[in-house]
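Now for the letters of each chain:
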Amino acid sequence: MYKSYAALSVALLLSCNAAYAIDTEYDPNGKVAQLYQAQQYVQAADLGLEQLLSEPWNHTLRFLVADSLQRAGRYDEAATQFSALEGTVYAERAMLRLNALRTNTPPTAAIQLTGIDPNVGDAATPQPDSAPQPTAKTFSYTLVSPEQVTTSRHSPSQQRIYDLYTSGDYQATGSEGLELFKTETPNDELRLEVANSLAWTGRMDQAESQYKMIGLGRYSNDARIGLANTYRWRGRDDKALPIYQEVLGESPNDAAALQGVKFAQREMRPRTRISYGGSNDSSPEDKRPTVIDHRWRDATGQQIFGLETGVIRQHQNQNNVNQLDFTARYQNLELPFQPKFELSQQVQPKVRLYGSVAASFADKEVTVVAGHDNWGKLAATTQALKSSLSSNHLGIAANHIYDFGQLFANADIHAISDGNRIVTTKLDYKPAWTPLGNHVKPFIGMETRDARNNSLAYWSPSTGFGTAYAGLQVESGQDEWSLFGAGQLGTRLYGEAGNNWSLSAGGKYWLTQDIAIDLSLWKMLSWRNNSTYRAKSFNLGVEKLWD
């Protein structure tokens with residue numbers, strides 16, 4: 001989705017002799033089409049790129065822009081636009097172009113804009129409600145036969161990496177590419193494709209080192225953008241932003257750099273989020289939290305500050321309690337281990353002070369946290385909250401991506417003020433194999449919870465609780481929205497656990513450049529205390545960015 005590709009040579013149209021009709025209101029005033037017909041490809045490409053910033057869903061416009069870029073000699077940008085058509089109705093045609101980028105055949109004749117067919121529509125391409133409706137304008141293009149394509153100029157081992165990349169197998173591209181580089185010195189194009197593949201499969205350290213090895217030349221901008229992306233995806237927007245801006249200083253219309261600046265600036269701006277939620281379970285417990293959170297950075301972007309206040313209205317049967325607290329947070333991204341500090345003052349139901357510190361190791365793959373926590377709030381029960389229970393907490397979490405997939409593990413120990421002790425663990429594995437596509441990821445894992453004593457104030461299984469589970473996670477999004485969903489089924493490993501399931505879904509949508517709304521939903525069924533346990537929750541938030 002957020003991918004940037006590079007190319008080696010002149011792109012050409014590839015396949016058998018055939019014509020395709022394409023239609024859409026890609027240009028309300030017909031200006032891009034007029035420039036294209038006049039063979040003013042540079043102007044057509046620049047105007048089209050500008051329109052794509054406000055119409056990223058317009059796949060037909062993107063295809064015409066890509067063709068204009070190719071004919072203007074801007075091959076890297078053309079490849080980026082063709083690659084962005086992955087998953088659309090033009091994916092197959094765009095893939096032919098990307099394959100042809102590695103040959104030296106001159107381009108075929110330009111796309112011919114043709115007549116009007118009011119019955120033709122791009123029904124397979126969903127568009128936002130606000131999108132202009134397609135018009136009758138169409139154009140077609142003619143493909144050349146495969147016999148006209150020259151033979152690849154790469155070694156068989158290098159060509160395999162190219163083919164893996166073109167087919168979308170980025171996991172294998174990254175892994176096999178690194179192995180190949182031990183014995184062969186790649187050109188910048190191949191190194192860029194391997195670096196991109198490593199980044200898109202979460203192997204940021206390896207991707208970063210490959211991007212930095214790409215020298216000045218036609219792939220320099222793509223490498224710098226890729227490097228900036230790895231910083232941004234790891235939470236270092238402060239390091240990414242100057243790189244995007246540097247690229248724009250040389251190429252003001254670079255679409256990937258413009259997008260990177262947009263995302264980095266969005267993340268670094270001060271923001272206020274107000275949320276309201278609710279949850280209930282079969283105990284029966286009912287909880288209604290309202291939270292106001294404000295976050296900002298210093299001028300360097302390296303120091304992050306936060307202030308939060310929240311009210312929880314909670315009751316179980318006739319037992320009611322209100323909890324009010326204030327929290328301050330601070331993190332310095334440039335200090336060793338990127339320490340994060342949190343200090344929280346509870347005002348109701350009793351005055352209490354809590355705090356914690358967290359540190360990251362191995363480039364944030366390992367996080368250790370220690371603190372004195374509000375156990376009543378964490379336990380999310382009326383009795384624990386009313387008793388103002390606290391806990392001394394020590395936790396560790398590790399997250400690493402291997403060639404075979406992503407592995408996450410964490411363990412937490414809570415020594416609670418009532419003399420009890422809770423130990424929880426989780427192990428989660430997402431394989432590199434994604435048979436349902438890159439947006440649908442299978443996972444398996446296990447969770448445990450063990451307690452020294454069984455307390456009536458909160459869930460503390462003295463006989464233990466262990467479950468194994470498997471499920472699917474779905475993620476999708478564009479510049480202004482994102483969606484997620486997950487579902488899993490579990491079974492008993494030991495203790496009081498039983499068969500269980502859970503579902504979750506949510507998303508975020510930017511109403512304007514400054515205001516976004518988000519929603520999350522969750523529901524589960526499990527087995528606790530020798531009986532069926534049900535729970536569900538929702539959370540609705542509104543976020544405002546400030547200048």
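Since this is a predicted model, take the numbers as computed values, not measurements. (Residues numbered from 1 in each chain as written. Predicted model: local features only at pLDDT ≥ 70, side-chain atom pairs only at ≥ 80, totals over all residues. Heavy atoms only, no water.)

### Brief notes about the overall build of the protein
Then, in step 1: Across its full length, the protein holds 14 helices and 19 strands.
Then, in step 2: Restricting to contacts in the protein with at least 6 residues of sequence separation, those with at least 24 account for 56%.
Then, in step 3: By element, 57% of the accessible surface of the protein is carried by carbon and sulfur atoms, the whole surface being about 25900 Å². (Helix = DSSP H or I, 4+ residues; strand = E, 2+ residues; numbered from the N terminus. Contact = heavy atoms within 4.5 Å. Areas by Shrake-Rupley, 256 points an atom, 1.4 Å probe, with all protein chains shown as cover.)

### Some points on the side chain of Gln 346
Then, in step 1: Examined against the element boundaries, Gln 346 turns out to sit in strand S8 (residues 340-348).
Then, in step 2: A relative accessible area of 1% places Gln 346 in the buried class.
Then, in step 3: A polar side-chain atom of Gln 346 sits 2.9 Å from a polar atom in the side chain of Asn 374.
Then, in step 4: When near neighbours in sequence (up to four residues on either side) are disregarded, Gln 346 contacts Gln 323, Leu 324, Asp 325, Val 351, Arg 352, Tyr 354, Asn 374 and Ser 388. (Buried < 20%, exposed > 50% of the residue type's maximum accessible area, 1.4 Å probe, protein only. Polar contact = N/O pair within 3.5 Å; in protein donor to acceptor, adjacent residues only side chain to side chain.)

### A closer look at the nonpolar core
Then, in step 1: Ile 161, Leu 190, Leu 192, Ala 199, Tyr 211, Ile 225 and Tyr 244 are the most contacted members of the largest nonpolar core, which totals 37 residues.
Then, in step 2: Looking at which element gives the most residues to this core, the answer is helix H8 (residues 188-200), with seven residues. (Core = buried A, V, L, I, M, F, W, Y, C linked by side-chain atoms within 4.5 Å.)

### Focus on the pattern of salt bridges
Then, in step 1: The tally for this structure, following the rule as stated, stands at 26 salt bridges.
Then, in step 2: Across the pair Arg 74 and Asp 46 runs a salt bridge, and its minimum N-O distance is 3.0 Å. Within this pair, whereas Arg 74 is found in the loop between helix H3 (59-71) and helix H4 (75-83), its partner Asp 46 is found in helix H2 (residues 41-54), the two being separated by 28 residues in sequence.
Then, in step 3: Assessed through its relative accessible area of 19%, Arg 74 is described here as buried. (Salt bridge = Lys/Arg side-chain N within 4 Å of Asp/Glu carboxyl O.)

### Quick notes on helix H11 (residues 237-250)
Then, in step 1: For H11, spanning 14 residues, the distance from its first C-alpha to its last is 20 Å, which sits close to the expected 20 Å at 1.5 Å a residue.
Then, in step 2: Of the positions making up H11, those classed as buried are Asp 237, Asp 238, Ala 240, Leu 241, Ile 243, Tyr 244, Val 247 and Leu 248.
Then, in step 3: Looking at the buried positions of H11, the neighbouring elements they touch are helix H10 (220-233), helix H12 (255-268) and strand S5 (285-297). (Expected span 1.5 Å × (residues − 1).)

### Structural notes on unusual backbone geometry
Glycine aside, a negative phi is what most residues show, and trans is what most peptide bonds show.
Then, in step 1: Of note, the bond from Ser 283 into Pro 284 is cis; its omega dihedral lies within 30 degrees of zero at -5°.
Then, in step 2: Tracing the backbone shows Pro 284 in the loop between strand S4 (271-281) and S5.
Then, in step 3: If you check the backbone angles, Gln 338 has positive phi at about 45° while not being a glycine.
Then, in step 4: Along the chain, Gln 338 turns up in the loop between strand S7 (319-332) and S8.
Then, in step 5: Judged by its relative accessible area of 13%, Gln 338 is buried.

### A short note on the packing of aromatic side chains
Each aromatic ring pair is summarised here by two numbers: the centre-to-centre distance and the angle between the ring planes.
Then, in step 1: Applying the stated criterion across every chain, the model contains 13 aromatic pairs.
Then, in step 2: With centroids separated by 5.7 Å and ring planes inclined at 70°, the aromatic side chains of Phe 63 and Phe 82 adopt a geometry described as edge-to-face. Of the two residues, Phe 63 is situated in helix H3 and Phe 82 in helix H4; the sequence distance between them amounts to 19 residues.
Then, in step 3: Relative to Phe 361, the ring of Phe 337 has its centre 4.8 Å away and its plane inclined at 45°; by these criteria the two rings are tilted. (Phe/Tyr/Trp six-rings, centres within 6.5 Å; stacked < 30°, edge-to-face > 60°.)

### Side note on a nonpolar patch on the surface
Then, in step 1: On the surface, Tyr 276, Leu 519, Leu 521, Phe 538 and Leu 540 cluster together into a nonpolar patch covering about 430 Å² of accessible area.
Then, in step 2: For the nonpolar patch, the elements supplying multiple residues, two or more each, are strand S18 (515-528) and strand S19 (531-545).
Then, in step 3: Residue position: Leu 540 is located in strand S19. (Patch = residues over 30% accessible without salt bridge, like charges linked within 9 Å, V, L, I, M, F, W, Y side chains within 5 Å.)

### Focus on the pairing of strand S17 (residues 500-510)
Then, in step 1: With ten bridges joining them, strand S16 (residues 481-495) and S17 adopt antiparallel strand pairing. Bridging across to S17, Gly 490 finds its partner in Asn 500.
Then, in step 2: Where S17 and S18 come together, ten bridges link them in antiparallel fashion. Counted as the bridge partner of Tyr 509 is Ile 517 from S18.
Then, in step 3: Where S17 hands over to S18, the hairpin turn is made up of four residues, counted between the paired strands. (Pairing = 2+ DSSP bridges.)

### Concerning the environment of Ala 384
Then, in step 1: Structurally, Ala 384 is set in helix H14 (residues 382-386).
Then, in step 2: Taking relative accessible area as the criterion, Ala 384 reaches 0% and is therefore assigned buried.
Then, in step 3: Separated by 72 residues in the primary sequence, Ala 384 and Leu 456 have C-alpha atoms spaced 9.2 Å apart.
Then, in step 4: Residue contacts for Ala 384: discarding those within four places in its chain leaves Gly 376, Ala 379, Leu 389, Ala 457 and Tyr 458.

### Let's talk about the pairing of S4
Then, in step 1: Bridge count for S4 against S5 is nine bridges, and the pairing is antiparallel. Of the residues in S5, the one forming a bridge with Arg 273 is Asp 293.
Then, in step 2: Following S4, the chain reverses through three residues before pairing antiparallel with S5.

### What to know about the confidence of the model for the protein
Then, in step 1: Model confidence for the protein is summarised by a mean pLDDT of 84, while 84% of its residues fall at 70 or above.
Then, in step 2: The model gives residues 1-26 a pLDDT under 50, and that stretch makes 145 contacts with residues more than four places away or in other chains. (pLDDT = per-residue confidence, 0-100.)

### Some remarks on the side chain of Asn 196
Then, in step 1: Position of Asn 196 relative to the elements: it lies in helix H8.
Then, in step 2: Polar side-chain contacts of Asn 196 include one of 3.4 Å to the side chain of Tyr 165.

### Notes on H10
Then, in step 1: With 14 residues, H10 ought to run about 20 Å at 1.5 Å a step, and its terminal C-alpha atoms sit 20 Å apart, in line with that.
Then, in step 2: With respect to burial, H10 is a largely interior element, 13 of its 14 residues being buried.
Then, in step 3: Backbone geometry just downstream of H10 places Gly 235 in the positive-phi region, at approximately 85°.

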